[in-house]
Amino acid sequence: MYDRYYNFSGLPFQLTPDSRFFFGSSGHSRAIAHLVYGLAQEEGFIVVTGEVGAGKTTLVEQLWSQLDRQSYVMARVVTTRVSGDDLLRLVVANFGVPDDGGAGKATLLRRFESMAHEQRAAGRRCLLVVDEVQNLPLAALEELRMLSNITVDGRASVQTILLGQPQFRATLGHPDAEQLRQRVLASYHLGPLTEAETRSYVEHRLKRVGWSDDPRLEAAAFAFVYRYTDGIPRRINTLCSRALMYGAIEESHVITGPMVETTANELSQDLGAGLPAPQPAVALMPASGVPEPSGDALVRRIEALEQTCARQDRVFRRLMDLLSAMAER
């Protein structure tokens, strides 16, 4: 809805990774450099870790958009807690290798090797991307290592990019992961954006959909975005999307700091949304031992509730008006 109100060409803060919105922060640019270096080695594993929502998948989307599609065939696996055999079947299936469900491991590996030979003959390299790798047991990781041992004309049949949350580094440091660890050619931990980068990130995504300072975002709005998201891109997307919705419903062409703060508090109350919880009102401790809010704090809380109820009523009426307008079309 807000994209129409502000005359955007699309939604600037979608959660789905899209290379068109890639923002080359200092951390993301270094991560891309590590990926490019790793790919140049044509073997082994490349590891990228980062917090939930840091932009790991977007990195791969950006990398894939830059690669020559005639030179690579890529398979992507988003893992849950699967066994080694199940992971092997997921990998070969995503490379288009036939699996009748009853084929044994040896048969699947022969079929995979045959596929790799065909791709190599056609001048293409096999690239495997495994996301959420922190969920995999060591036995499954060992299957990936064994797969990397298959060679075609003296070269590795597949190169693998492992994407995971920070705890995967502990798994990689386990003594039983020594052989896999020796095959890691490049590794990078993707951190959050700085406050300055957070502002640039928001403006970058807005400009991608035709934003020309409508709505105008106050400096305080950017400050609150950083404060409530800690510079994590997915959190930024969630908060900014809701803040723009707030602005459109209020028919405002300025996004203020209090608007972003109110939106962040509502997100925290609704679903958590990965945002810090709002700070409680200051309370006094009476003789009974049961805390009670102070008079001023209680008044502020009541006023805040009244304002929230009034805004929610406006939201409801605004949405009903929009739905009626769409129905008439």
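Residues numbered from 1 in each chain as written. Predicted model: local features only at pLDDT ≥ 70, side-chain atom pairs only at ≥ 80, totals over all residues. Heavy atoms only, no water.

Regarding the overall build of the protein chain
We count it as follows: Numbering of helices and strands runs from the N terminus, with a helix taken as a DSSP run of H or I at least four residues long and a strand as a DSSP run of E at least two residues long. Exposure classes here rest on a 1.4 Å probe applied to the protein chains alone. A residue is buried below 20% of its type maximum, exposed above 50%, and partly exposed in between. The contact criterion used is simple: two residues touch if any of their non-hydrogen atoms lie within 4.5 Å. Exposure was quantified through the Shrake-Rupley algorithm and a 1.4 Å probe, taking into account, for residues, occlusion by the shown protein chains and nothing else.
A count of helices and strands for the protein chain gives 13 helices and 11 strands. Going through the 329 residues of the protein chain one by one, you find that 43% of them count as buried. Partitioning the intrachain contacts of the protein chain with sequence separation of at least 6 by distance along the chain shows that 73% fall at a separation of at least 24. Just so you have it, the protein chain exposes about 16,900 Å², and 51% of that area is on carbon and sulfur atoms.

Comments concerning the pairing of strand E6 (residues 158-164)
Where we set the bar: Note on pairing: two strands pair once DSSP finds at least 2 bridges between them.
Counting buried positions over the 7 residues of E6 gives 7, a clear majority of the element. By the alternation rule, side chains of E6 split into Val158, Thr160, Leu162 and Gly164 and Gln159, Ile161 and Leu163, which are all buried. Pairing of strand E1 (residues 45-50) with E6, which is carried by 5 bridges, proceeds in the parallel orientation. Paired with Val47 across the bridge in E6 is Leu162.

A short note on the confidence of the model for the protein chain
Caution applies to low-pLDDT regions: their predicted coordinates should not be interpreted in detail. Inclusion rule: Every residue is assigned a pLDDT by the predictor, reflecting its confidence on a scale from 0 to 100.
Overall, the prediction assigns the protein chain a mean pLDDT of 85, with 82% of residues at 70 or greater. Scored below 50 in pLDDT, residues 277-290 makes 19 contacts in the model with residues more than four places away or belonging to other chains.

Some remarks on the sheet that holds E1
In a beta sheet, neighbouring strands pair by backbone hydrogen bonds and run either parallel or antiparallel. The line we're drawing: Angular values range over 0 to 180 degrees, each being the angle between N-to-C directions of two axes fitted as lines to C-alpha atoms, with helices fitted over their stretch in contact.
Across the sheet, 5 strands lie side by side as E2-E3-E6-E1-E7; this open sheet has parallel pairing. On the outer flanks of this sheet lie strand E2 (72-78) and strand E7 (184-190), each paired with one strand and no other. On average, each strand axis in the sheet is inclined to that of its neighbour by 15°, with strand direction left out of account. Where E1 meets E7, 6 bridges bridge the pair, whose relative direction is parallel. Bridging across to E7, Thr49 finds its partner in His189. Helix H3 (residues 56-66) rests against E1, E2, strand E3 (125-131), E6 and E7 of the sheet, and its axis sits at about 165° to E2.

Points about the packing of helix H4 (residues 84-94) against helix H5 (residues 105-121)
Counted only if it meets this: Relative orientations are named as follows: roughly parallel for angles under 35 degrees, roughly antiparallel for angles over 145 degrees, roughly perpendicular for angles from 65 to 115 degrees, and oblique for any other angle. Note on convention: near helix rotated counterclockwise from far helix by under a right angle means a left-handed crossing. Clockwise means right-handed. Residues are grouped as follows: Ala, Val, Leu, Ile, Met, Phe, Trp, Tyr, Cys and Pro are nonpolar; Asp, Glu, Lys and Arg are charged; all remaining types, including Gly, are polar.
Across the interface, H4 lies against H5 with an axial gap of 11 Å and an inter-helix angle of 30°. On the basis of the axis angle, H4 is roughly parallel to H5. Of the two possible hands of crossing, H4 and H5 adopt the one that is left-handed. Of the residues in H5, those touching H4 at Asp85, Leu88, Arg89 and Val92 are Lys105, Leu108, Leu109 and Phe112. Taken together, the residues of the contact of H4 with H5 sort by class into 5 nonpolar, no polar and 3 charged.

Some thoughts on the nonpolar core
Going by this rule: The set of buried Ala, Val, Leu, Ile, Met, Phe, Trp, Tyr and Cys residues whose side-chain atoms join them within 4.5 Å is what this entry labels a nonpolar core.
Within the largest apolar cluster, 31 residues are counted, with the highest numbers of intra-cluster contacts made by Phe95, Leu128, Leu136 and Leu144. Ignoring any residue separated from it by four or fewer positions in sequence, one finds Leu136 in contact with Thr79, Thr80, Val82, Leu87, Val130, Leu141 and Leu144. Of all hydrophobic cores here, the second largest spans 30 residues; its members include Leu217, Leu244, Tyr246 and Ile255.

Regarding helix H10 (residues 219-229)
Counted only if it meets this: To be clear, the arc concerns the directions from the helix axis to the C-beta atoms.
The set of residues buried in H10 consists of Ala221, Phe222, Phe224, Val225, Tyr228 and Thr229. One face of H10 carries all of its buried residues, which in axial projection span an arc of 165°. Tucked into the core, H10 has its buried residues touching helix H9 (195-207), strand E8 (216-217), helix H11 (233-249), strand E9 (254-255) and helix H12 (257-270). At the C-terminal side of H10, Asp230 shows a positive phi close to 60°.

Considerations on the environment of Phe95
Here Phe95 shows up in the loop between H4 and H5. With 20 residues separating them along the chain, Phe95 and Met115 place their C-alpha atoms 8.2 Å apart. Dropping the residues within four chain positions of it, Phe95 is found in contact with Val73, Met74, Ala75, Phe112, Met115, Cys126, Leu127, Leu128 and Val158.

Some remarks on the side chain of Thr57
Summarising the element assignment, Thr57 is placed in helix H3. Beyond its immediate sequence surroundings of up to four residues, Thr57 is in contact with Pro17, Arg76, Asp131 and Leu163.

Notes on the pattern of salt bridges
For clarity, the threshold we go by: Think of a salt bridge as a Lys or Arg side-chain nitrogen and an Asp or Glu carboxyl oxygen that are within 4 Å of each other.
Applying the stated criterion across every chain, the model contains 8 salt bridges. Among the salt bridges present, the one from Arg181 reaches Glu178, with a minimum N-O distance of 2.2 Å. In this pair, Arg181 and Glu178 are both assigned in helix H8 (residues 178-181), 3 residues apart and thus about one turn of the helix distant. With a relative accessible area of 29%, Arg181 lands in the partly exposed category. A relative accessible area of 32% means that Glu178 is categorised as partly exposed. Across the salt bridge formed by Asp230 and Arg235, the nearest N and O atoms sit 3.4 Å from each other.

Quick notes on the packing of aromatic side chains
Worth spelling out the cut-off: Any two rings among Phe, Tyr and Trp, with Trp reduced to its six-membered ring, count as a pair given centres within 6.5 Å; such a pair is stacked if its planes are under 30 degrees apart, edge-to-face if over 60, and tilted if neither.
Inspection of every chain in the model, using the stated rule, returns 6 aromatic pairs. Where Tyr2 meets Phe8, the ring centres are 6.4 Å apart and the plane angle is 85°; that geometry is what we call edge-to-face. In terms of burial, Tyr2 and Phe8 fall into one category: buried. Through a chain of ring-to-ring contacts, three or more aromatic side chains come together here, namely Tyr2, Tyr5, Tyr6 and Phe8.

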